[in-house]
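Okay, here's what each chain looks like letter by letter:
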Amino acid sequence: MSAPPNHRQTLSNALFCCSLAIVLCAGTVLAHTTQSTEPDWNAEGNAWWAHVQFLASDDLRGRDTGSDGYRRAAEYVAKQFADAGLQPAGTNGFLQPIDFEVRRLDESSSSLSLERAGKTEALKLGPDATLRVSGDPAPSTKAQAVFVGYGFAVPELGYNELADVDLHGKIAVYLSGGPANIPGPLKAHYQSSEQRWAALQKAGAIGIATIGNPKNSDIPWERASQARLQPSMSLADPKLRSAGPHFSTSINPAQADKWFADSGHTIAELLAIADKNELLPKFPLKVTVHATVAVVRTKVSSPNVIGVLLGSDLKLKNEYVVISAHLDHVGVGLPINGDTIYNGAMDNASGVASLIEVARHLKAAGIHPRRSILFAAVTAEEKGDLGSEYFAHHPTVPQRQIVADLNMDMFLPLFRLQYLEVQGLDESTLGDDVRAVAETQSVIIQADKEPDRNRFIRSDQYSFVKVGVPALAFKFGWIKGTPEETTFQDWIRTRYHAPSDDLDQPVDTPAAAHFDHLLLLLATRVADADTRPTWKPTSFFKRFAQ
């Protein structure tokens, strides 16, 4: 465990804070363009890294939601918020405790098999498929299976793959992803587990079986299946809890032909069709699914950590710009290369460290933007964005007064900050703000280069979007064919949700400090603007605006 960072200001920091304060008071946040001395990125990067070292240490054992390691991480963040001059903005000081219902698969008492032509084939849990307990699974299931393409329905376009499919009482088997001709935001929204299950349930399905398209999968099956024994959670608040499917499984694409036997189709054929962006067929499968699912149920409580820098404008201080990052990771799991602690250094101790550093710099500069800035380190993101969802529906400030969310989840400072990929870039005027700020930093803004991975709806920013709040999320960007692309893709393939996302990995700490500076400029620009951010007229997500 590393000691908390030393926050004494270097001479370079003092010059930075002084020049930033002067420029902000003049009514602009584009401080970098007028500075005679750059911040000391090495010193600032070291301060950022010290937070990561504490939060991602083995002592905190992966910060699983509700664990003692998470509790200690929350206490650390609350103290850092207080030291940075933030006011408590939880329901219990800096904390907003949340109750969760926990479900853990008892795999030794569970089973999955396929019956075909009177013969039953037992599937191996792990190598062949995994059972999911994210909803409220039935103890036993026996049902026929139907392949439904992407299992996709988009009412706005009159598109419904399920319209002519008999799914009543059956299990819908589908390929992850969506049709190429569906616009990205629409496709992302209707691929969310909530929306996709709503469409399948409406069509009569009682369960789902997902085949991940390897082309769009972040984690190889061999590693993804290691997470099958990690607990699933839902919010205890009945108003925020919906019943999921009676049966849910993920199928190893390499073993999917066991499901397609005698159907006239193969997984290779279906993946080839998807790769050519052609319409997937729908057809009944020749198998009946038999499943026994044993679940161990418990309850835990885990807090969001929330602090606020109060605004200076008599009226606008009652509006809030949220900067968010999730504090939890996945805890302890099955070993990979002998290591069982999933430290979550980049995912997402890095984002929480940036929350702390931005707050610290604002205090050092003596800056109070016109609007208030709310700093939220949220829990249970890895369980389905549950901490941010709870906050979005039970905010500790008036919900209608939250004007923006700037979310950090695994922003990956693995190399120099030349490009910044921004998810949600063209959905709201926040995109104009980040472009303006990035220009002063000689940083080039990029849109999401991999929209089929649905990253915009897969982290806490989407909890805010769904209640009408414009939001952005960030990743260090890269150009195709460069060493930076190789570094990024290698990290996703080998370290994402693995114990190797630990403190023993190459990280560009000065680049992280540069990102923190850009984020500070963006947050203060939004907080000082005369008008709150608005959705672009063409944005799909403006429908959520209240």
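Cut-offs and rules
- Residues numbered from 1 in each chain as written.
- Predicted model: local features only at pLDDT ≥ 70, side-chain atom pairs only at ≥ 80, totals over all residues.
- Heavy atoms only, no water.
- Core = buried A, V, L, I, M, F, W, Y, C linked by side-chain atoms within 4.5 Å.
- Buried < 20%, exposed > 50% of the residue type's maximum accessible area, 1.4 Å probe, protein only.
- Contact = heavy atoms within 4.5 Å.
- Helix = DSSP H or I, 4+ residues; strand = E, 2+ residues; numbered from the N terminus.
- Pairing = 2+ DSSP bridges.
- Axes fitted to C-alpha atoms, helices over the stretch in contact; angles between N-to-C directions.
- Expected span 1.5 Å × (residues − 1).
- Parallel < 35°, antiparallel > 145°, perpendicular 65-115°, else oblique.
- Nonpolar A, V, L, I, M, F, W, Y, C, P; charged D, E, K, R; others polar.
- Polar contact = N/O pair within 3.5 Å; in protein donor to acceptor, adjacent residues only side chain to side chain.
- Phe/Tyr/Trp six-rings, centres within 6.5 Å; stacked < 30°, edge-to-face > 60°.
- Lys NZ or Arg CZ within 6 Å of the ring centre and 35° of its normal.

Engineer: Please explain the nonpolar core as it appears in this structure.
Structural biologist: Note that soluble globular proteins tend to have their nonpolar side chains buried in a common cluster. Of all hydrophobic cores here, the largest spans 78 residues; its most connected members are Leu327, Phe375 and Phe474. What Leu327 contacts, discounting residues up to four positions off in sequence, is Leu55, Arg63, Tyr70, Ala73, Ala74, Val77, Val305, Val352, Ala377 and Val378. In this structure, Leu123, Ala145, Ile211 and Ile273 belong to the second largest nonpolar core, which totals 49 residues.

Engineer: Just to check I follow, could you spell out unusual backbone geometry for this structure?
Structural biologist: Glycine aside, the phi torsion of most residues is negative, and most peptide linkages are trans. The omega torsion across Asp347 and Asn348 is 10°, close enough to zero to call that bond cis. Mapped onto the elements of the fold, Asn348 is located in helix 9 (residues 345-365). Despite not being glycine, Asp385 has its phi angle at roughly 60°, a positive value. A positive phi is found at His497, a non-glycine position, where the angle reads about 55°.

Engineer: Quick question: what am I supposed to make of the pairing of strand 14 (residues 295-309) here?
Structural biologist: Residues in a regular strand point their side chains to alternate faces of the sheet. With two bridges connecting them, strand 1 (residues 87-88) and strand 14 associate as antiparallel partners. Opposite Gln87, over in strand 14, you have Val308 as the bridge partner. Across eleven bridges, the pairing between strand 2 (residues 95-105) and strand 14 is antiparallel. Counted as the bridge partner of Phe100 is Val300 from strand 14. By the bridge criterion, five bridges tie strand 14 to strand 18 (residues 372-378) in an arrangement that is antiparallel. Bridge assignment links Ile306 to a residue of strand 18, and that residue is Ala376.

Engineer: Please explain the side chain of Asp433 as it appears in this structure.
Structural biologist: Position of Asp433 among the secondary structure elements: in helix 11 (residues 430-440). In this view, Asp433 contacts Leu522, Arg525 and Val526; residues no more than four positions away in its chain are not counted.

Engineer: Looking at this structure, how should I read the sheet that holds strand 10 (residues 207-211)?
Structural biologist: Sheet strands pair via backbone hydrogen bonds, and the direction of the pair is either parallel or antiparallel. Taken together, the eight strands give an open sheet; going across it, the order is 4-3-13-6-9-10-12-5, and neighbouring strands pair in mixed fashion. Here the strands that pair on one side only, and so sit at the sheet edges, are strand 4 (119-122) and strand 5 (129-131). When the angles between neighbouring strand axes are averaged without regard to direction, this sheet yields 25°. Pairing between strand 3 (residues 111-116) and strand 13 (residues 283-292): five bridges, direction antiparallel.

Engineer: Before we go on, may I ask you to explain helix 9 in this structure?
Structural biologist: Side chains that are three or four residues apart share a direction in an α-helix, a result of its 3.6 residues per turn. Helix length check: helix 9 (21 residues) gives 28 Å between terminal C-alpha atoms against 30 Å at 1.5 Å per residue, within 8%. Of all 21 residues that make up helix 9, 19 are buried, and the element is covered over most of its length. Positive phi shows up at Gly366, right after helix 9, with a value of about 65°.

Engineer: What's the story with the packing of helix 4 (residues 184-191) against helix 5 (residues 193-202) in this structure? I'm lost.
Structural biologist: Packed helices, taken two at a time, are described by the angle between their axes plus the distance between the axes. Relative to each other, helix 4 and helix 5 sit at 70°, their axes nearing to 5 Å. One element, helix 4, and the other, helix 5, form an angle in the roughly perpendicular class. For the pair helix 4 and helix 5, contact is made by His189, Tyr190 and Gln191 and by Ser193, Gln195 and Arg196, respectively. Considering only residue class, the contact of helix 4 with helix 5 consists of one nonpolar, four polar and one charged.

Engineer: How do you make sense of the environment of Asp508 when you look at a structure like this?
Structural biologist: Turning to its location among the elements, Asp508 is positioned in the loop between helix 13 (483-494) and helix 14 (509-528). Residue class for Asp508 comes out partly exposed when judged on its relative accessible area of 23%. In this structure the C-alpha to C-alpha distance between Asp508 and Gly204, which are 304 residues apart in sequence, comes to 51 Å. Residue contacts for Asp508: discarding those within four places in its chain leaves Pro413, Leu414, Phe415 and Arg416. A polar contact of 3.4 Å, which involves the side chain of Asp508, links it to the backbone nitrogen of Arg416. Within the structure, the side chain of Asp508 is placed 3.0 Å from the backbone nitrogen of Ala511, a separation counted as a polar contact.

Engineer: Which parts of the structure should I look at to understand the environment of Asp530?
Structural biologist: For Asp530, the location among the structural elements is in the segment after helix 14. If near-sequence neighbours (up to four positions away) are discounted, Asp530 is found in contact with Arg370 and Arg371.

Engineer: Could you clarify how one ought to interpret the packing of aromatic side chains in this entry?
Structural biologist: Pairs of aromatic rings are described using the distance from one ring centre to the other and the angle between the two planes. Under the definition given, this model contains 22 aromatic pairs. Taking the centre distance of 6.0 Å and the plane angle of 35° together, the rings of Phe411 and Phe476 count as tilted. With Phe411 in the loop between strand 19 (402-408) and strand 20 (419-423) and Phe476 in strand 22 (residues 471-476), this residue pair connects regions lying 65 residues apart in the sequence. Here Phe411 matches Phe476 in class, with each residue buried. With centroids separated by 6.4 Å and ring planes inclined at 65°, the aromatic side chains of Phe456 and Tyr462 adopt a geometry described as edge-to-face. The same class applies to Phe456 as to Tyr462, namely buried. When the ring centre of Trp478 is taken as origin, the NZ or CZ atom of Lys449, which lies over that ring, is 4.4 Å away.

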